[in-house]
Amino acid sequence: MARSHRWSPEQTGRRKVIISVAIFLLLAVAGLAYIKWWPYYNKAWNAAIHHTIGNSILSGQDSAIPEPSWHAAWEYAAVYYKAVWKAALLGILLGSLLQVLLPSAWLLKALGGTTFGSTAVGGVASLPGMMCSCCAAPMTVGMRKKQASVGASLAFWLGNPTLNPATLVFMTFVLSWKFTLIRLVFGLLLTFGVSYFANRFAGDARLPHELATASEEAGAEHPEPWLKRWLASISSMLLHLIPAYALAVLLLGAARAWLFPVIDAAGSNSLWTVIGFAIAGTLFVIPTAAEIPIIQSLMSAGLGGGPAAALLLTLPAVSLPSMLMVARSFPVKVIVFVAGAVIVLGILSGLTGAWLL
């Protein structure tokens with residue numbers, strides 16, 4: 001008489017872990033392939049043939065950026081959300097699923113240390129995502145809730161937009177290899193260098209109490225099914241991330257003519273213009289790769305290589321909305337340090353561009 005096979009508690013637990021990880025990876029690969037990889041493959045061919053990837057999101061088909069108004073705010077928000085909504089939903093989905101499907105012990109082993117190794121893993125893990133800073137923010141929040149270190153989480157967040165392989169390809173075809181080289185050098189410094197020093201700078205950075213409690217619960221054994229925990233996770237994420245994100249996009253959309261003013265020939269490549277555009281680029285919010293047509297449009301209107309190179313780094317790296325989205329997951333001094341570092345590196349990128357371009 002054949003004896004039925006019984007799983008030991010350890011085997012059952014290991015089997016559940018494997019299934020959970022497989023579900024997460026399957027959703028991540030399918031989502032990225034549909035939203036990012038395949039469309040970007042086609043976009044790369046278009047960039048190679050036509051040397052453009054579309055109109056500047058600042059002005060659209062118009063010759064000038066509209067003056068600040070509620071109409072300008074709504075108009076920009078509509079164009080922006082049309083470009084990012086799929087990636088934003090995927091980011092929220094993966095950020096919430098990360099908290100309930102991936103085992104805490106695995107993430108802590110790879111991303112929980114304060115060493116450069118953990119920061120490097122976070123940065124490398126960002127490369128397939130190719131998301132803008134706002135769409136990468138939910139996953140960054142999820143990583144912090146699972147107790148990933150400051151450095152590893154920042155490297156993932158910053159690496160998504162700044163080291164985006166597709167954007168680097170578009171940039172080479174549309175702008176030039178010099179722009180790509182500048183972006184790559186300063187993007188590496190930002191993603192791995194600034195993230196690592198932010199990790200050291202933060203010291204023993206702890207999550208806020210309510211986030212830490214959620215993180216501890218995520219790592220414990222749960223009697224509730226994972227679907228119930230996921231619904232609670234995604235509800236919390238939507239509640240805390242969306243309102244500030246939506247409001248900031250509206251305000252920046254209204255103010256874009258102030259942030260990117262028309263510059264006369266005398267100031268088109270000056271140090272003050274580089275500094276001003278580095279600050280504006282750090283605050284402003286754009287979809288993935290939108291910095292390319294913005295720079296192309298502004299340079300055709302007379303902007304110098306210095307300010308253009310400043311925007312090259314600062315526009316995609318962070319934004320006011322994305323910093324608000326991750327603000328509860330990091331100490332305030334870390335967010336201020338990262339924003340300051342983006343501005344400084346943007347200025348250095350601009351000075352390099354003024355010399356090289």
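Structure first, text after, so check above.
Residues numbered from 1 in each chain as written. Predicted model: local features only at pLDDT ≥ 70, side-chain atom pairs only at ≥ 80, totals over all residues. Heavy atoms only, no water.

Caption draft 1: Expanded view of the overall build of the protein chain. On a plain count of helices and strands, the protein chain comes out with 16 helices and 0 strands. The C-alpha radius of gyration of the protein chain comes to 21 Å, within 12% of the 21 Å expected for a compact globule of 357 residues. Expressed as lengths along the three principal axes of its C-alpha atoms, the size of the protein chain is roughly 90 × 40 × 40 Å. Out of the 357 residues belonging to the protein chain, those deemed buried represent 52%. Considering only contacts within the protein chain whose residues lie at least 6 apart along the sequence, 86% involve residues at least 24 apart. Working note: accessible area of the protein chain is about 16800 Å², and carbon and sulfur atoms make up 69% of it. Within the protein chain, one finds 22 positive and 12 negative side-chain charges whose respective centroids are separated by 11 Å. (Helix = DSSP H or I, 4+ residues; strand = E, 2+ residues; numbered from the N terminus. Rg over C-alpha atoms; globule rule 2.2 N^0.38 Å. Buried < 20%, exposed > 50% of the residue type's maximum accessible area, 1.4 Å probe, protein only. Contact = heavy atoms within 4.5 Å. Areas by Shrake-Rupley, 256 points an atom, 1.4 Å probe, with all protein chains shown as cover. Lys, Arg positive; Asp, Glu negative; His and termini not counted. Charge placed at Lys NZ, Arg CZ, Asp CG, Glu CD.)

Caption draft 2: Here's a closer look at the nonpolar core. Counting 100 residues, the largest nonpolar core has Y80, W157, F170, F260 and F284 as its most contacted members. Apart from residues no more than four positions distant in its own chain, F284 is found in contact with L58, Y76, L252, G253, R256, L259, F260, L315, V318 and S319. (Core = buried A, V, L, I, M, F, W, Y, C linked by side-chain atoms within 4.5 Å.)

Caption draft 3: How the structure looks around the packing of helix α2 (residues 70-101) against helix α10 (residues 226-254). Contact pair α2 / α10: the axes reach a minimum separation of 9 Å and the direction vectors enclose 155°. Compared by their axis directions, α2 and α10 come out roughly antiparallel. In this structure, α2 crosses over α10, and the sense of that crossing is right-handed. Of the residues contributing to the contact of α2 with α10, the split by class is 24 nonpolar, 5 polar and 1 charged. (Axes fitted to C-alpha atoms, helices over the stretch in contact; angles between N-to-C directions. Parallel < 35°, antiparallel > 145°, perpendicular 65-115°, else oblique. Left-handed = near helix turned anticlockwise from the far one by under 90°. Nonpolar A, V, L, I, M, F, W, Y, C, P; charged D, E, K, R; others polar.)

Caption draft 4: Focus on the packing of aromatic side chains. For the structure shown, the criterion picks out 13 aromatic pairs. A centroid spacing of 6.4 Å and a plane angle of 80° characterise the contact between Y41 and W45, whose relative ring orientation is edge-to-face. On the criterion of helical spacing, the pair formed by Y41 and W45 is a turn pair, its members being 4 residues apart in helix α1 (residues 9-50). Classification of Y41 as partly exposed rests on a relative accessible area of 45%. When the centroid spacing of 6.2 Å and the interplanar angle of 15° are considered together, the rings of Y76 and Y80 count as stacked. (Phe/Tyr/Trp six-rings, centres within 6.5 Å; stacked < 30°, edge-to-face > 60°.)

Caption draft 5: Spatial organisation of helix α14 (residues 305-317). In this model α14 runs 19 Å from its N-terminal to its C-terminal C-alpha over 13 residues, within 8% of the 18 Å that 1.5 Å per residue would give. By the largest-angle criterion, L311 marks the main kink of α14, which is about 25°. Of all 13 residues making up α14, 13 are buried, and the element is well covered by its neighbours. (Expected span 1.5 Å × (residues − 1). Bend = angle between axes of the 7 residues up to and from the residue.)

Caption draft 6: Inspection of the pattern of salt bridges at higher detail. Applying the stated criterion across every chain yields a total of 2 salt bridges. One salt bridge in this structure joins E75 and R256, with 3.4 Å as the shortest N-O distance. Here R256 lies in helix α11 (residues 256-259) and E75 lies in helix α2, a separation of 181 residues in the sequence. Residues E291 and R183 are paired through a salt bridge, measuring 2.8 Å at the closest nitrogen-oxygen approach. (Salt bridge = Lys/Arg side-chain N within 4 Å of Asp/Glu carboxyl O.)

Caption draft 7: Region of interest: helix α8 (residues 177-202). If you check α8, its first and last C-alpha atoms are 36 Å apart, about what 26 residues at 1.5 Å a residue would give, namely 38 Å. Of all bends in α8, the biggest is about 30°, found at L190.

Caption draft 8: Structural detail: the packing of helix α7 (residues 165-174) against α8. For the pair α7 and α8, interaxial distance at closest approach is 7 Å and the crossing angle is 150°. What the angle tells us is that α7 and α8 run roughly antiparallel. When α7 is examined against α8, the residues T167, L168, M171 and T172 are found in contact with a partner set consisting of W177, F179, T180, R183 and L184. When grouped by side-chain class, the residues that make up the contact of α7 with α8 number 5 nonpolar, 3 polar and 1 charged.

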